[in-house]
Amino acid sequence: MEEIERSFSSLKSDDKETLDEHKQLYKSRPNPKLSQEERRKSLLALQKEKRQKLLNENRELEEISHLKRKISDVWKQEIDFIEQRKSEREDWFKQTHRYKNTLMLSEWFLEIPDNFPEWIMVPCPKGQRTLLVSRLNCATAYNKYGSPITTFKSQLPRNTILDCIFCNKTSTFYVLDVLQWNSHCLRNCQTDFRFYWLKSKFPEYPQLGLHMGSNECAIKTIEWSKCDKCLLTEIMSRHPMFENNEPELDGLLFYHPEVFYSAGSTPLVGWLKPFMMPQVLSVPVSDQHLQGKPLGCASVNDYIELFNQKSTKKAPQKRRGRNKLMKFDDEQKENDSDLSSAMNSTCESIDDNSISDVHIPEPSMDT
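Criteria and thresholds
Residues numbered from 1 in each chain as written. Predicted model: local features only at pLDDT ≥ 70, side-chain atom pairs only at ≥ 80, totals over all residues. Heavy atoms only, no water. Phe/Tyr/Trp six-rings, centres within 6.5 Å; stacked < 30°, edge-to-face > 60°. Helix = DSSP H or I, 4+ residues; strand = E, 2+ residues; numbered from the N terminus. Buried < 20%, exposed > 50% of the residue type's maximum accessible area, 1.4 Å probe, protein only. Contact = heavy atoms within 4.5 Å. pLDDT = per-residue confidence, 0-100. Core = buried A, V, L, I, M, F, W, Y, C linked by side-chain atoms within 4.5 Å. Salt bridge = Lys/Arg side-chain N within 4 Å of Asp/Glu carboxyl O. Disulfide = S-S within 2.5 Å. Pairing = 2+ DSSP bridges.

### Topic: the packing of aromatic side chains
Then step 1. Considering all chains together, one arrives at 16 aromatic pairs under this definition.
Then step 2. When the ring of tyrosine 174 is compared with that of phenylalanine 242, the centres are 6.0 Å apart and the planes differ by 55°; the resulting orientation is tilted. Residue tyrosine 174 is located in strand 8 (residues 172–181), and its partner phenylalanine 242 is located in the loop between helix 5 (229–236) and strand 12 (249–255); the two are separated by 68 residues in the primary sequence. We note that tyrosine 174, like phenylalanine 242, is buried.
Then step 3. Relative to tryptophan 197, the ring of phenylalanine 193 has its centre 5.9 Å away and its plane inclined at 50°; by these criteria the two rings are tilted. Placement of the pair is phenylalanine 193 and tryptophan 197 together in helix 4 (residues 191–201), with a separation of four residues, close to one helical turn.

### Topic: the side chain of serine 225
Then step 1. Looking at where serine 225 falls in the secondary structure, it is placed in strand 11 (residues 225–226).
Then step 2. Apart from residues no more than four positions distant in its own chain, serine 225 is found in contact with Trp119, Ile120, Met121, Leu231 and Ile235.

### Digging into the confidence of the model for the protein chain
Parts of the prediction with low pLDDT should not have their coordinates interpreted in detail.
Then step 1. Predicted confidence across the protein chain gives a mean pLDDT of 78, with 69% of residues reaching 70 or more.
Then step 2. Note that residues 21–28 has pLDDT below 50 and, in this model, zero contacts with residues that lie over four places away or in other chains.
Then step 3. In this model, residues 346–367 is a region of pLDDT below 50 whose contacts with residues beyond four sequence positions or in other chains number 31 contacts.

### Observations regarding the nonpolar core
The nonpolar side chains of soluble globular proteins are, as a tendency, buried together.
Then step 1. Grouped together as the largest cluster of nonpolar side chains are 48 residues, with contacts concentrated most on Phe254, Tyr255, Met276, Met277 and Leu281.
Then step 2. Broken down by element, the residue count for this core peaks at five residues, all from strand 12.
Then step 3. Contacts of phenylalanine 254, omitting those with residues within four sequence positions, involve Phe109, Phe116, Trp119, Ile120, Met121, Cys227, Leu268, Val269, Gly270, Leu272, Met277 and Leu281.
Then step 4. Core analysis: the next-biggest nonpolar cluster, separate from the first, contains 20 residues, Phe152, Phe173, Val178 and Trp197 among them.

### Remarks on the pattern of salt bridges
Then step 1. Applying the stated criterion to the full structure yields seven salt bridges.
Then step 2. The closest approach of N and O atoms between glutamate 248 and lysine 126, which form a salt bridge, is 3.4 Å. Taken together, the residues glutamate 248 in the loop between helix 5 and strand 12 and lysine 126 in the loop between strand 3 (120–125) and strand 4 (128–134) connect sequence positions 122 residues apart.
Then step 3. Exposure remark for glutamate 248: the relative accessible area of 40% places this residue in the partly exposed category.
Then step 4. Of the residues examined, lysine 126 reaches a relative accessible area of 40% and is grouped as partly exposed.
Then step 5. Between lysine 169 and glutamate 246 there is a salt bridge, with its nearest N and O atoms 3.7 Å apart. Of this pair, lysine 169 sits in the loop between strand 7 (161–167) and strand 8 while glutamate 246 sits in the loop between helix 5 and strand 12, and the two are 77 residues apart along the sequence.
Then step 6. Assessed through its relative accessible area of 69%, lysine 169 is described here as exposed.
Then step 7. Under the relative-accessibility criterion, glutamate 246 is labelled partly exposed at 39%.

### Looking at the state of the cysteines
Then step 1. One pass over the structure, following the stated rule, counts zero disulfides.
Then step 2. Left unpaired, cysteine 189 is separated from the closest cysteine sulfur, that of cysteine 185, by 7.4 Å.

### Remarks on the pairing of strand 4
Then step 1. Summarising burial for strand 4: five of the seven residues are buried, a large majority.
Then step 2. Of the strand pairs in this sheet, strand 4 and strand 7 are connected by six bridges, and their pairing is antiparallel. For leucine 131, the partnering residue across the bridge sits in strand 7 and is aspartate 163.
Then step 3. As defined by bridge partners, strand 4 adjoins strand 5 (residues 138–142) across four bridges and the pair is classed as antiparallel. Bridge assignment links leucine 132 to a residue of strand 5, and that residue is alanine 141.

### A few points about unusual backbone geometry
Then step 1. With an omega dihedral of 5°, the bond running from histidine 239 to proline 240 counts as a cis peptide bond.
Then step 2. With respect to the element layout, proline 240 can be found in the loop between helix 5 and strand 12.
Then step 3. Residue proline 247 is reached from glutamate 246 by a cis peptide bond, and omega for that bond is 0°.
Then step 4. Along the polypeptide, proline 247 turns up in the loop between helix 5 and strand 12.
Then step 5. One non-glycine residue, asparagine 137, lies in positive phi territory at about 60°.
Then step 6. Residue position: asparagine 137 is located in the loop between strand 4 and strand 5.
Then step 7. On the accessibility criterion, asparagine 137 (62% relative accessible area) is exposed.
Then step 8. Phi is positive for asparagine 245, which is not a glycine, with a value near 60°.

Structure representation (structure tokens):
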């Protein structure tokens, strides 16, 4: 009896360990009590972990030259049907959602990190945030929801993707960042390398900054600098920031030097309005920059609260314009889910004798 009790106790402990492992794997909600600096460190650690995991997976794929899977004839028919439906859905998705939620967005820069002098500051002009994608002798600009804005002739290298601000008044795209250049993916490169790439490549294409027949919209880079306090003071004492004040300065972006380009908002990219610099960073600015401070906002927190209230009112109007696409999206997901369930139930009734070898092609990297 004692031996039986010991066996049962060991089984319970094993179950508990398994449960703990599942709890660790489960995607938990972010803790709102964590500071911005703690979330920055956590994201950087996760970024390194993902990169190492990807390297390990690639090594395994190189070692396994031929990956085979046993599957039944019934499974083949079901999978062919699923793949056909999936291909049709992907074609439709590429036309309407291909570049949706691709841009890397910032957070309010309220907690200053210890290594702040190593960060990179980019002055951001007023305009519309766009994703500029080049193809054969032309380029298309998409807004942050993935909808095309305009297509024009351009001499950008083909298969180039840039994060830009579009100034409609001057028909000029101001480049903030680069995701891909001439088919070379740069998303998994650090900020300092991506910015160095832009600085070295754009001088090779001087025609990009001009308006001409083969380049209908000008594309220009923005001068960035390290976040040294003396250097920031010198920069913010100047007005206008851009030549002839066209475009006007909207705000300042602060990039962590090691962050990869990832979709969505991140604490590794900060945002401040010019009039916030003295209060948040103790950096003096010219009187013209202080004129952008709205009346009734005594502090930075007051302005942010007012900004969030306006954004909340605008959100329902933007969602209404996308309801039809989202409804169609949900219907397709339900159909795919039903087909997957039917396929799984069919699999349970398959005899092992009917299984045959099928060669699965090696996966390819999709940029």
